[in-house]
Amino acid sequence: ILAGRILGPEEYGKYNFIVAFATTALLLMTWGLDVTTLHFVAKKQDKNSIELYLSSSFFTILTFVFIGGTILFLAADFFTTHFSISRGLFFVCIIFTVILTFKNLADSYLRGLGLFREQGIYKIIEAFVSMSIFLFSTSYFLAQKSLDYRHFLFSLTIGTVITILLIFIRLRSFFRFRFFSMKVMREMFHYGAFILLGGIASALLLNSDKILINKF
């Protein structure tokens, strides 16, 4: 609310467009595996099984992030034309999509492992870092009359990236490429197909209005 008041409707609208685009495009990079991993890990008790599912999903999504990011980059002209946005704004969308993908993945891992208290602490750290950067630097950029959506997005990104790094450092013992299993991935994809369909429907319903507002 505060950022919306400070940035104004146009710049805050650009930020909202980026979030709406990233929330939809991250499905191309996760294929529902973030929620699927939560589902399977929460049912497992032994560490070996948990490592199998976490490692398999992590390295698969790393591959999808590279493929999805490449597709979006190559399709930049299509999106900039049909969404009436600049190439610079679109490339920011791609970067934020990647960051949001790992944020969702990290949250799913914590929830699947039942680390809800730690997840709450990480959310507090993320909010504190993001808003501290935004509030302490707002007066300077306002004085320079150069405050725009990138400033607010940068503040949020710093807080999110720090949180992602802390979470993956905390869970690093679960990620080993030798635990990657195609059998596990086939099982997860079978379940994840339904998650993906639900995610697409939800993203379109929740985000299409912001994309249309930006267009018109």
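Everything here concerns the structure above.
To keep things clear, this report deals only with the structure shown in the data block.

**What to know about the overall build of the chain**
Reasoning step 1: Helices and strands together make up the secondary structure of the chain, namely 9 helices and 0 strands.
Reasoning step 2: Taking 2.2 N^0.38 as the reference for a compact globule, 216 residues should give roughly 17 Å; the C-alpha atoms of the chain span a radius of gyration of 18 Å, in line with that estimate.
Reasoning step 3: Across its three principal axes, the chain shows a C-alpha extent of roughly 55 × 35 × 25 Å.
Reasoning step 4: Classification of the 216 residues of the chain by burial places 47% in the buried group.
Reasoning step 5: Long-range contacts, defined here as pairs at least 24 residues apart, represent 83% of the contacts in the chain between residues at least 6 apart.
Reasoning step 6: Across the chain, the 20 positively charged side chains and the 12 negatively charged ones have centroids separated by 4 Å.

**Topic: the nonpolar core**
Reasoning step 1: Counting residues in each nonpolar core, the largest one holds 57 residues, and the members touching the most others are Phe21, Leu72, Phe90, Tyr109, Phe168 and Leu171.
Reasoning step 2: Top element by residues in this core is helix α6 (residues 87-112). It accounts for 12 residues.
Reasoning step 3: For Tyr109, the residues in contact, after removing those within four places along its chain, are Thr37, Leu54, Ser57, Phe58, Phe168, Leu171 and Phe175.

**Digging into the environment of Trp31**
Reasoning step 1: Among the structural elements, Trp31 can be located in the loop between α2 (27-30) and α3 (33-43).
Reasoning step 2: Taking the C-alpha atoms as reference points, Trp31 and Leu7, separated by 24 residues in sequence, lie 34 Å from one another.
Reasoning step 3: Not counting residues within four places of it along the chain, the set of residues in contact with Trp31 comprises Phe64, Phe189, Gly192 and Leu196.
Reasoning step 4: For Trp31, the side chain forms a polar contact with the main-chain oxygen of Leu28, separated by 2.9 Å.

**Brief notes about the packing of aromatic side chains**
Within a pair of aromatic rings, the relevant descriptors are the distance that separates the centres and the angle that separates the planes.
Reasoning step 1: One pass over the structure, following the stated rule, counts 21 aromatic pairs.
Reasoning step 2: Measuring from centroid to centroid gives 5.3 Å for Phe58 and Phe59, while their planes differ by 75 degrees, and the two rings are edge-to-face.
Reasoning step 3: The structure contains a cluster of three or more aromatic residues connected by ring pairs, namely Phe17, Phe21, Phe73, Phe78, Phe79, Phe83, Phe90 and Phe91.

**Section: the packing of helix α1 (residues 2-25) against helix α8 (residues 149-170)**
When two helices pack together, their arrangement is captured by the angle between the axes and the distance separating the axes.
Reasoning step 1: It is the contact of α1 with α8, at a shortest axis distance of 8 Å, that shows an interaxial angle of 75 degrees. Here α1 is positioned roughly perpendicular relative to α8, judged by the angle of their axes. Taken together, the residues of α8 that come into contact with α1 (itself represented by Ala3, Leu7, Glu11, Tyr12, Lys14, Tyr15 and Ile18) are Tyr149, Phe152, Leu153 and Leu156.

**As for the side chain of Ser130**
Reasoning step 1: Structurally, the position occupied by Ser130 is in helix α7 (residues 116-143).
Reasoning step 2: You can call Ser130 buried: its relative accessible area is 3%.
Reasoning step 3: Ignoring anything within four residues of it in the chain, the contact list for Ser130 reads Ser155, Leu156, Gly159 and Thr160.

**Remarks on the packing of helix α5 (residues 76-83) against α6**
Reasoning step 1: One can describe the packing of α5 onto α6 by two numbers: an axis separation of 10 Å at closest approach and a directional angle of 115 degrees. The orientation of α5 relative to α6 falls into the category roughly perpendicular. The handedness of the crossing between α5 and α6 comes out as right-handed. In this structure, α5 contributes Ala76, Asp77, Phe79 and Thr80 to the contact, and α6 contributes Arg87, Phe90 and Phe91.
Reasoning step 2: Taken together, the residues of the contact of α5 with α6 break down into 4 nonpolar, 1 polar and 2 charged.

**Some points on the pattern of salt bridges**
Reasoning step 1: Using the criterion set out here, one finds 6 salt bridges in the structure.
Reasoning step 2: With its nearest N and O atoms 2.4 Å apart, the salt bridge here joins Arg87 to Asp77. Residue Arg87 is found in helix α6, and its partner Asp77 is found in helix α5; the two are separated by 10 residues along the sequence.
Reasoning step 3: In this structure, Lys103 and Asp107 form a salt bridge, with 2.7 Å as the shortest nitrogen-oxygen distance. Of the two residues, Lys103 and Asp107 both sit in helix α6, 4 residues apart, roughly one turn of that helix. Each member of the pair Lys103 and Asp107 is classed as buried.
Reasoning step 4: Linked by salt bridges that have partners in common, Lys103, Asp107, Lys123 and Glu126 make up one network.

The rules behind the values
Residues numbered from 1 in each chain as written. Predicted model: local features only at pLDDT ≥ 70, side-chain atom pairs only at ≥ 80, totals over all residues. Heavy atoms only, no water. Helix = DSSP H or I, 4+ residues; strand = E, 2+ residues; numbered from the N terminus. Rg over C-alpha atoms; globule rule 2.2 N^0.38 Å. Buried < 20%, exposed > 50% of the residue type's maximum accessible area, 1.4 Å probe, protein only. Contact = heavy atoms within 4.5 Å. Lys, Arg positive; Asp, Glu negative; His and termini not counted. Charge placed at Lys NZ, Arg CZ, Asp CG, Glu CD. Core = buried A, V, L, I, M, F, W, Y, C linked by side-chain atoms within 4.5 Å. Polar contact = N/O pair within 3.5 Å; in protein donor to acceptor, adjacent residues only side chain to side chain. Phe/Tyr/Trp six-rings, centres within 6.5 Å; stacked < 30°, edge-to-face > 60°. Axes fitted to C-alpha atoms, helices over the stretch in contact; angles between N-to-C directions. Parallel < 35°, antiparallel > 145°, perpendicular 65-115°, else oblique. Left-handed = near helix turned anticlockwise from the far one by under 90°. Nonpolar A, V, L, I, M, F, W, Y, C, P; charged D, E, K, R; others polar. Salt bridge = Lys/Arg side-chain N within 4 Å of Asp/Glu carboxyl O.

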